[in-house]
Amino acid sequence: MDGLRVGYIPRPLKPDLDHASVGSILFSSNRWRMTMERMPLPGYPAGAFLILKREETMMTTSQRLHEAARPIWDACLSHPFVTGIGDGTLPVEKFQYFMLQDYLYLFDYARVFALGVVKARDPELMRTFAKNVDAILGGEMNIHRTYMARLGISEEQVFAVKPALDNLSYTHYMLAAAESGGPMEIVAAILACSWSYAEIGQVLAKIPGAADHPFYGEWIRGYASDDYAATNQDLIDLMDELSKDASPAQLTCLEEIFVNCSRYELGFWDMAWEQRD
């Protein structure tokens, strides 16, 4: 019978088999689990059972993080700032405030990636982090520069703006997580921003006419683009690769970082909507 094994499981190493039933989990990790059917075998030593050993794929790390942050991301998608971009009703002064704060934010966001270059020991991983630094400074920030040109704002004027307290708190948290952790923790801190913007861009792009809006359309197209989606998917894949052998304690830490950064993302939308100091 395919998949059946006869096994002896010493009592100290097994769960409460006396109360086990079909489908009981013997062992699980973030990648697989083993379930069993408890069936005493006459003629074998006490504690011998007919075991149905079945390896099942569990949630990947990125799926676990996404699931943990889902309620927060739903709140981001329904936030009046985000829906205002989607339907074109967001006041331009609020968007201008947001772009200035987000431009300042992206410099620290790039610094978090740069810490990945410093902490990585594998040359290919170093190149991956370095490539993302360039993608932010020479790619994503171009959306901001385009809008600043349309609004008549120079880069010198941007640097005269002080980061809001919410902005400082968020970037300092990411930098602290990166300083105290390794590549896994760095990617967890980075991914909440990248992934949530990819989702927002995709959702807004599905609104009829939103991507063609004369003012907000360019922002939507940028975050809904294939290039941005590919860059974000690379980060998702990197998160899963780096954490494939992570312990339960490490996974809990990654989830905490990711959820906290997602909360900061929601707070950033609140900050922009209220134009806080």
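See above for the structure.
Below is a summary of the structure that appears in this document. (Residues numbered from 1 in each chain as written. Predicted model: local features only at pLDDT ≥ 70, side-chain atom pairs only at ≥ 80, totals over all residues. Heavy atoms only, no water.)

**Here we look at the side chain of Asn-232**
Within the secondary structure layout, Asn-232 lies in helix 9 (residues 226–242). Using a relative accessible area of 4% as the deciding quantity, one classes Asn-232 as buried. (Helix = DSSP H or I, 4+ residues; strand = E, 2+ residues; numbered from the N terminus. Buried < 20%, exposed > 50% of the residue type's maximum accessible area, 1.4 Å probe, protein only.)

**Let's talk about unusual backbone geometry**
Trans is the common state for peptide bonds, and a negative phi is the common state for residues other than glycine. In this structure, Gln-275 is a non-glycine residue whose phi angle is positive, near 50 degrees. With respect to the helices and strands, the residue Gln-275 is situated in the segment after helix 10 (248–274).

**So, the environment of Val-187**
Along the polypeptide, Val-187 turns up in helix 7 (residues 183–205). Here Val-187 falls in the buried class, since its relative accessible area comes to 1%. In sequence terms Val-187 and Leu-254 are 67 residues apart; their C-alpha atoms lie 9.0 Å from each other. Those residues in contact with Val-187 that sit more than four places away from it in its chain are Phe-129, Leu-235, Leu-238, Met-239 and Leu-242. (Contact = heavy atoms within 4.5 Å.)

**Side note on the environment of Ala-178**
You can see Ala-178 is positioned in helix 6 (residues 165–180). In this structure the C-alpha to C-alpha distance between Ala-178 and Ala-114, which are 64 residues apart in sequence, comes to 9.7 Å. Not counting residues within four places of it along the chain, the set of residues in contact with Ala-178 comprises Val-112, Leu-115, Lys-119 and Ile-186.

The values are spatial; any link to function lies outside them.
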